[in-house]
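Per-entry structural report
Chain by chain, the residues:
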Amino acid sequence: AQRVTQPEKLLSVFKGAPVELKCNYSYSGSPELFWYVQYSRQRLQLLLRHISRESIKGFTADLNKGETSFHLKKPFAQEEDSAMYYCALTGTQGAQKLVFGQGTRLTINP
Amino acid sequence: DTGVSQNPRHKITKRGQNVTFRCDPISEHNRLYWYRQTLGQGPEFLTYFQNEAQLEKSRLLSDRFSAERPKGSFSTLEIQRTEQGDSAMYLCASSLAGAIEQFFGPGTRLTVL
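Now for a quick tour of the structure. (Residues numbered from 1 in each chain as written. Chains lettered and ligands numbered in written order. Predicted model: local features only at pLDDT ≥ 70, side-chain atom pairs only at ≥ 80, totals over all residues. Heavy atoms only, no water.)

Here we take up the pairing of strand S5 (residues 32-38) of chain A. All names here are of chain A. Taking burial as the measure, the seven residues of S5 include six buried ones, the bulk of the element. Taken together, the seven bridges between S5 and strand S9 (residues 83-90) define a ladder with antiparallel strand orientation. Considered in S9, the bridge of Tyr-36 is made with Tyr-86. Between S5 and strand S6 (residues 45-49), which follow one another and run antiparallel, lie six residues, and Arg-41 among them has a positive phi close to 60°. (Buried < 20%, exposed > 50% of the residue type's maximum accessible area, 1.4 Å probe, protein only. Helix = DSSP H or I, 4+ residues; strand = E, 2+ residues; numbered from the N terminus. Pairing = 2+ DSSP bridges.)

This brings us to the sheet that holds strand S3 (residues 19-24) of chain B. Residue and element names in this part refer to chain B. Reading across the sheet, the four strands line up as S1-S3-S8-S7 and stay open at both edges, with antiparallel pairing between neighbours. On the outer flanks of this sheet lie strand S1 (5-7) and strand S7 (65-68), each paired with one strand and no other. Shown here is a sheet whose adjacent strand axes are inclined to one another by a mean of 15°, direction ignored. Both S7 and strand S8 (residues 75-79) contribute to a ladder of four bridges, which runs antiparallel. (Axes fitted to C-alpha atoms, helices over the stretch in contact; angles between N-to-C directions.)

All names here are of chain A. Judged by nonpolar contacts, the single largest core of 25 residues is most densely connected at Trp-35, Leu-72 and Tyr-85. Elements that contribute at least two residues to this core include exactly strand S2 (10-14), strand S3 (19-21), S5, S6, strand S8 (69-74), S9 and strand S11 (104-109). With four residues, S9 is the largest single contributor of residues to this core. Ignoring sequence-local partners within four residues, the contact set of Tyr-85 consists of Gln-6, Leu-21, Trp-35, Tyr-36, Val-37, Leu-47, Phe-59, Leu-72, Gly-103, Thr-104 and Leu-106. (Core = buried A, V, L, I, M, F, W, Y, C linked by side-chain atoms within 4.5 Å. Contact = heavy atoms within 4.5 Å.)

When the parts of a complex come together, some accessible area is lost, and that lost area is often used as the size of the interface. Contact with chain B, which involves 22 residues of that partner, is made by 19 residues of chain A. Together, the buried faces of chain B and chain A total about 1,700 Å²; carbon and sulfur atoms form 51% of this surface. Contact with chain A buries surface across chain B, with B:Pro43, B:Ile100 and B:Phe104 losing the most and accounting together for 35% of the total. With its nearest N and O atoms 2.3 Å apart, the salt bridge here joins A:Lys97 to B:Glu56. Taken together, chain B and chain A are joined by nine residue pairs in polar contact (both at pLDDT 80 or more). Breaking the side of chain B that touches chain A down by element, the ones donating at least two residues are strand S4 (31-37) and strand S5 (44-50) of chain B. Split by residue class, the side of chain B that touches chain A holds ten nonpolar, eight polar and four charged. (Buried area = accessible area lost by both parts, 1.4 Å probe. Salt bridge = Lys/Arg side-chain N within 4 Å of Asp/Glu carboxyl O. Polar contact = N/O pair within 3.5 Å; in protein donor to acceptor, adjacent residues only side chain to side chain. Nonpolar A, V, L, I, M, F, W, Y, C, P; charged D, E, K, R; others polar.)

Interpretation in functional terms is not warranted from these geometric data alone.
Pasting the structure below:
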């Protein structure tokens, strides 16, 4: 079964502190992994994808196939990072529909 | 705005009524997806079109739900005989076939009284 688990519904850290949003997945095969973000009153948008191996807005995510994890990290949180974050996966064939986790609401305190 | 658009943005209806939502994808995108998001959950896949063909439907999509994309451009999602459990945000996304990134619309929030 395809499943994405984000164990933390809420995460609150202080500005300048490191941030780690956890994501674990189950999938038979080799999925594509993503992090989507939704800022207040904005639409859902792609933050980053594992295949790109890039850093967006200071965020990085490493795919650990052994632990089936794709945790999102940022060394120094900023207030504008406050948002809802969703981890998602898709297969590489067929519909390529996205399977989302429940989401983590990140709050950065000043 | 050249992004995905959805109308209406909000819909309040009484139980038993029919509702229809519209999604206009990014113009060159041939794939179109519908997702549903209930409070406290991530979006869940409902159905997907490639051009005008509906190629996959989730088990979440009961017989009361029907989606169309008649000319391979905009899509409609109709819910017949709405139930309170249908209250949710309905999201539309589009992409190019072969491109992995999906672009989301703002959603239609449905409230069934």
